[in-house]
Each structure stands twice: as structure tokens, then as C-alpha cells.
Amino acid sequence: MPLSEDEQRILDEIERSFYKHDPAFARNVSTATLTRQGLEEYVSDCVIFLDHRVTDQISTRRLRVVKYRGSSHGTNEYPFLIDRRGIAVLPVTSLQLMHRTTSARVPTGLDWLDDMFGGQGYFRGSSVLFSGGAGTAKTTLAAYFLDAACRRGERAICFQFEESPPQYARNMRSVGLKLDHWVRKGLLRIHAARPTLYGLEFHLATMHREVDEAAPSVVVVDPLSSFIGASFDEVNSMVMRLIDYLKGKNITALFTHLTPGSGGSQEVEVGVSSLIDTWILLRNSPPGEHGGRHLSILKSRGMSHSSDRRAFELTDKGPVLLPPGRTLQAIRGVRA
Ligand SMILES: Nc1ncnc2c1ncn2[C@@H]1O[C@H](COP(=O)(O)OP(=O)(O)OP(=O)(O)O)[C@@H](O)[C@H]1O
Ligand SMILES: [Mg+2]
């Protein structure tokens, strides 16, 4: 905004007086580039620097408090966004690891999976990762977790980065879930967006908004791997900030991650794994075996859990655990 004549005159006077009393300081000020006049920041009590940067054709607004006399303030650059609901500023990261902790558990949505965690499921407020190859039932298992929350009358949000809400609801109907029922009841929100639509900051800000509005007890992000265009560090930082935020609200967060190849290798590095409390690996059965998928718990901080590899099969009634060494076809054959 241009300065008024009066403001300009006052600034000129201040500048002249600086030159008279302290020429070195005045020269210093006049070469500063933060502001147009090179002077405003010295006479103001609070200076906030606004920036609008474009990286890979995606723009992000950021602000930084340069100074605020008489007060301590954050010194980082904070991303912010402006949308129809106003301005939202995102914390870069929580300053300390001070999340409240509870020993309460939250069911996984499947009895046999609960049993693998001693019959009780995940810790409430923890972060869970399902990683595996294509078609290993990541989305299905995450949807069972959402469905269980809605059955208990709790609110849930699914951030879908691969399927549109109707497509997601239709696909989950095939494995026995009626997600649209929960959407109609107002218990489930499905927020779908292409990962490339905005920058990570904007996605993060949108997630904050949705979580603030819906106050869910569980959140699913499906899948994290869709942010493939962003650098490893950026995704890592986004997940850390999201986890920090959700833990602060005691919300259980479940992420899915598509690992390259068959997803069979335990060595597959999932960058965010150190931020995750419970990590579950999924894999398809090796070629030649009758269908089926395998699941194992790689880690679950703070609890004892099964370390067996369990075989399960997807059916139109949901994921069914297979007894060791048996395929669904074999079981059906026995029953027939
Ligand atoms: N009624 C059903 N009976 C048996 N299998 C089914 C049924 N419905 C879906 N499936 C299987 O579920 C698979 C998809 O599961 P899901 O979407 O949970 O996997 P995903 O790991 O999320 O896959 P992606 O990597 O594509 O995201 C399908 O490829 C299909 O093989
Ligand atoms: Mg999926």
C-alpha cells in the first residue's frame, strides 16, 4: 500500500534526523531491503513479513514475525492459507513432545486383528501405518477401522487421495461396508482431493480445518504414497506435523502407504516409519498360492502383540482370517 503524503513526510523527517544523530545507523537502515522505505521496520513495534512463493507451479503463502517488541514470538516461517473461511496459520511443528497419553484402546474394526493386539486394538491417540503392495487390502482394512468408529457413534474422517467419495463407497460395499450410511448419518466425512491439486501446506491446512470442524475420534489418510511428487523431507515434515496435531487432540490416525513392487520385503523403507507407533505390513500371497493376503505387525510401541504372519482373505463380508496353512477355497471345500 503506498504511503500517504503525511506518512512520507514523517518518514523523511525521521530519516533526516537519523542521519544527523547517527549517520552509521542511518546508512545501515537505508540499505535494508525488507521494506520499501528501509525504515518502517525500525520504527514499528511489530513487523510481519509476508511471502508468496511458487515452487513447481504450486504456490504457498508464508509469514514470519520479524520482530515484536516486548514479547517472545515464533521465529519460523509459518505457511498460511486464505480461503472462504478466512485465514488459517499452521504451526510448523510443536515445540515439545508433550502430548497427553492414555492407555485406552481403540478397536481395529476386525476381531481377529484386535486379537493380534491382545484383544484390544491400537492405543487411542496413536499413529498407525498399513504398508504393502498394490491390492493388499490397505484401503479395506482402513475402512473397517472407520466403520467401527462410526458403529460406536464416534465421528471419523477419511482423507482420500486416490478415489472419489462415490467410488470409494462403492468399492468398500464390495467388502461388506456401507460407508454412505455413515456419511448420511453425519458420522463420516470423506474428503477427496488429488494430491497434485495443491501444495502439501494447503493439504495440511485443509486437513486441520476438517478436523477442527468435525472433531473426529479417528482419521484415515489413504494413501500417503500418493504425495509422490513431493520430496521425502516435505512428506516427512507434513506427516510429523499432522501426527503432532492429531495426537494433541487424542485422535487416532491411520495412514496407508503403497510400497513399490510386491510389498513383500520387510526392508522396504517407509520414510515416516519412525513417526509411527504401530506399523502393519501387508503382502499378497506369492504367485502359485491360492489368492489370499498376509498381515504381520512389525511394531506396536508400548504393548505386546502377535508377531506371527497371519493369512487372510477378502470376501464380500469383509476380511476373513484363514487358519494356518489353509486357503479360503480349502475351507469352503471342507464345508461344502
Ligand atoms: N468381494 C470381494 N471378494 C474378494 N476380493 C475382493 C472383493 N472386493 C474386493 N476384493 C479385492 O480387494 C482388492 C482391493 O483391496 P483394497 O482397495 O483394500 O487394496 P489396496 O491395498 O488399498 O489397493 P491399492 O494399492 O490399489 O490402493 C481388489 O483388488 C480385489 O482383489
Ligand atoms: Mg487403496
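My aim in this report is to walk through the structure given alongside it, one point at a time. (Residues numbered from 1 in each chain as written. Chains lettered and ligands numbered in written order. Predicted model: local features only at pLDDT ≥ 70, side-chain atom pairs only at ≥ 80, totals over all residues.)

Brief notes about the overall build of the chain
Quick note on the threshold: Where helices and strands are cited, they refer to DSSP runs of H or I of at least four residues and of E of at least two residues respectively, numbered from the N terminus. With C-beta atoms placed from the backbone, the exposure class of a residue follows from how many other C-beta atoms lie within 10 Å of its own: 20 or more, buried; 12 or fewer, exposed; in between, partly exposed. Here the contact rule is simple: place C-beta atoms from the backbone, and any two residues whose C-beta atoms are within 7 Å are in contact.
Along the backbone of the chain there are ten helices and 15 strands. Taking all 336 residues of the chain together, 32% fall into the buried category. Of the contacts made within the chain by residues no fewer than 6 positions apart, 61% connect residues no fewer than 24 positions apart.

Things to note about the pairing of strand β15 (residues 318-322)
To keep things clear, this is the line we draw: Any two strands between which DSSP finds at least two bridges are classified as paired.
Two strands pair when backbone bridges link them, and strand β14 (residues 309-315) and β15 are joined in this way by five bridges, in the antiparallel orientation. Along β15, the bridge assignment pairs Ala-311 with Leu-322. The hairpin turn running from β14 into β15, its antiparallel successor, is two residues long.

Quick look at the sheet that holds strand β9 (residues 188-192)
Put simply, the test is: For helices, the fitted line uses only the C-alpha atoms of the stretch in contact; every axis is such a line through C-alpha atoms, and the angle between N-to-C directions lies from 0 to 180 degrees.
Read across the sheet, nine strands follow the order β9-β8-β10-β11-β7-β12-β13-β14-β15 without closing on themselves; strand pairing throughout is mixed. Of all the strands in the sheet, just β9 and β15 have a single pairing partner and so form its edges. This sheet shows a mean twist of 25° between the axes of neighbouring strands, independent of strand direction. As paired elements, strand β12 (residues 278-284) and strand β13 (residues 293-300) share seven bridges and run antiparallel to each other. Paired with Ile-280 across the strands is Ile-297, a residue of β13.

Observations concerning helix α6 (residues 165-173)
For the record, the criterion: Think of the arc as the fan of directions from the helix axis to the C-beta atoms.
By the burial criterion, the buried members of α6 are Tyr-168, Ala-169 and Met-172. Buried residues of α6, seen end-on, are gathered within an arc of 95° and therefore sit on one face of the element. Within α6, the exposed residues directed more than 90 degrees away from the buried face are Pro-166 and Gln-167. Looking at the buried residues of α6, the elements they touch are α5 (138-151), β8 (156-160), α7 (179-184) and β9.

Side note on the site of ligand 1
Here is the rule: Working rule for contacts: place C-beta from the backbone, and if it is within 6 Å of a molecule or strand, that residue counts as near it. By the convention adopted, Pro, Cys, Tyr, Trp, Phe, Met, Ile, Leu, Val and Ala count as nonpolar, Lys, Arg, Asp and Glu as charged, and the other residues, Gly among them, as polar.
Surveying the vicinity of ligand 1 reveals 13 residues, the closest of which are Lys-138, Thr-139, Thr-140, Ser-174 and Leu-314. Of all elements in the fold, only α5 and β14 reach the threshold of two or more residues within the shell around ligand 1. Among the elements that line the shell around ligand 1, the one with the most residues is α5, at three residues. Grouping the amino acids of the shell around ligand 1 by side-chain chemistry returns five nonpolar, six polar and two charged.

Side note on unusual backbone geometry
Excluding glycine, most residues fall at negative phi; most peptide bonds, likewise, are trans. Note that the residue after Asp-222, namely Pro-223, is joined by a cis bond; omega there is -15°. As for its placement among the helices and strands, Pro-223 is situated in the loop between β10 (218-222) and α9 (232-248). We note that Ala-137 has phi near 85°; this positive angle belongs to a residue other than glycine. Position of Ala-137 relative to the elements: it lies in the loop between β7 (127-132) and α5.

Looking at the packing of helix α8 (residues 200-214) against α9
Going by this rule: Working rule for angles: under 35 degrees goes down as roughly parallel, over 145 as roughly antiparallel, 65 to 115 as roughly perpendicular, anything else as oblique. Crossing handedness is read from the near helix: turned anticlockwise from the far helix by less than a right angle, it gives a left-handed crossing, and turned clockwise, a right-handed one.
Running from N to C, α8 and α9 cross one another at 15°; their axes reach a closest spacing of 10 Å. Classified by the interaxial angle, the pair formed by α8 and α9 is roughly parallel. At the point where α8 passes α9, the crossing takes the right-handed sense. Residues Leu-200, Leu-204, Met-207 and His-208 of α8 lie in contact with α9, whose contacting residues are Glu-234, Met-238, Arg-241, Leu-242 and Tyr-245. Residues of the contact of α8 with α9, tallied by class, amount to six nonpolar, one polar and two charged.

Scope: geometric values only; no functional claims are made or implied.
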